[in-house]
Amino acid sequence: MKKTHIVGLILIAIAIGIILITTGDASTYVGFDEAERISQQDPSQKVHVVGKLKKDASGKIVGMIFNPALDANRLEFIVEDSLGRENQVVYAAPKPQDFEKSEKIVLVGSMKPDKIFYCDKILLKCPSKYQEGKISADSSASFEAKK
């Protein structure tokens with residue numbers, strides 16, 4: 001065998017190893033019911049839950065407990081998943097910036113036997129970043145330049 005063939009086979013083996021490692025660590029998008037079922041089978045399995053914060057009529061988050069003076073690394077709140085189930089969530093890190101403004105959130109974590117979802121990571125989708133029809137200062141300036 002030529003040295004180039006051996007190097008090629010080694011690179012292919014490394015690529016296959018990397019693919020297997022990353023797919024073994026991947027998690028799936030589920031609702032709270034499915035997260036609960038998965039945690040009973042494998043408590044260490046991480047899942048993604050997509051949902052929205054439970055808010056009252058005035059837009060205030062219902063059930064949010066965050067006291068930075070007592071513990072700045074604990075945030076509790078209620079999330080309604082895409083299937084309509086509401087669940088208590090505990091996030092053991094500081095509250096994300098613009099948390100109150102988020103439209104939808106993705107929680108990465110696992111359900112524990114106490115039926116509380118403990119998340120390791122929160123991904124926010126803020127409406128201000130994705131709203132259509134807003135004209136920025138730059139686009140209006142270029143519009144006036146065309147006249």
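Because the structure is predicted, anything quoted here is derived from the model rather than measured. (Residues numbered from 1 in each chain as written. Predicted model: local features only at pLDDT ≥ 70, side-chain atom pairs only at ≥ 80, totals over all residues. Heavy atoms only, no water.)

A. Highlighting the overall build of the protein chain. A tally of regular secondary structure across the protein chain gives four helices and six strands. Walking the protein chain from its N terminus toward its C terminus, one meets helices and strands in the order α-β-α-β-β-β-β-β-α-α. For the protein chain, the residues scored as buried account for 27% of the 147 residues in total. Counting contacts in the protein chain only where the partners sit at least 6 residues apart, residues at least 24 apart contribute 50% of the total. (Helix = DSSP H or I, 4+ residues; strand = E, 2+ residues; numbered from the N terminus. Buried < 20%, exposed > 50% of the residue type's maximum accessible area, 1.4 Å probe, protein only. Contact = heavy atoms within 4.5 Å.)

B. The arrangement of unusual backbone geometry in detail. Positive phi values are uncommon outside glycine, yet Asp98 reaches one of about 60°. Tracing the backbone through its elements, the reader meets Asp98 in the loop between strand E4 (86-91) and strand E5 (104-111). Given the relative accessible area of 31%, Asp98 is considered partly exposed. A positive phi angle, close to 65°, is found at Lys115, a residue other than glycine. Mapped onto the elements of the fold, Lys115 is located in the loop between E5 and strand E6 (117-125). On the accessibility criterion, Lys115 (44% relative accessible area) is partly exposed.

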